[in-house]
Amino acid sequence: MEEKRYWQNSEPYRLVEVMLEADRVIFKDWFDSGKDPNRYDWSLNEFLTGEGKSQIEYFLSHSIYNEILEAVKYRMMKG
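Residues numbered from 1 in each chain as written. Predicted model: local features only at pLDDT ≥ 70, side-chain atom pairs only at ≥ 80, totals over all residues. Heavy atoms only, no water.

Caption draft 1: View of the sheet that holds strand β4 (residues 38-43). Read from one edge of the open sheet, four strands run β1-β2-β3-β4, paired in antiparallel fashion. Strands with a single pairing partner mark the edges of an open sheet, and in this sheet they are β1 (6-11) and β4. If you compare each strand with its neighbour and ignore which way they point, the axes differ by 10 degrees on average. Packing of helix α3 (residues 62-78) onto the sheet brings it into contact with β1, β2 (14-21) and β3 (24-30), and relative to β2 it is tilted by some 20 degrees. (Pairing = 2+ DSSP bridges. Helix = DSSP H or I, 4+ residues; strand = E, 2+ residues; numbered from the N terminus. Axes fitted to C-alpha atoms, helices over the stretch in contact; angles between N-to-C directions. Contact = heavy atoms within 4.5 Å.)

So this is what it looks like as structure tokens:
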């Protein structure tokens, strides 16, 4: 099974990305492509307690949030 580490939602004038990097979940909201994104990053443990849930569900969907949550759990089990 290949581990998924990247999700995005692209709309006109907006890009939302979620990435798994090492022991972090990175959320970037590129509202204006000429500027730095709004960025949040959470440790895997913080993510498991619900940090980032509202942002991800709002911009990507509840099903994508669950997919990311499963990827985080898999990564933590893997060590």
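Caption draft 2: Fine view of the nonpolar core. Counting 17 residues, the largest nonpolar core has Val18, Val25, Phe27, Phe47, Ile56, Ile68 and Val72 as the members making the most contacts within it. Only β2, β3, α1 (44-48), α2 (53-59) and α3 provide two or more residues apiece to this core. Looking at which element gives the most residues to this core, the answer is α3, with five residues. (Core = buried A, V, L, I, M, F, W, Y, C linked by side-chain atoms within 4.5 Å. Buried < 20%, exposed > 50% of the residue type's maximum accessible area, 1.4 Å probe, protein only.)

Caption draft 3: Representation of the environment of Glu70. Secondary-structure assignment places Glu70 in helix α3. Classification of Glu70 by relative accessible area gives partly exposed; the value is 48%. Between the alpha carbons of Glu70 and Trp30 there is a distance of 25 Å; along the sequence they are 40 residues apart.

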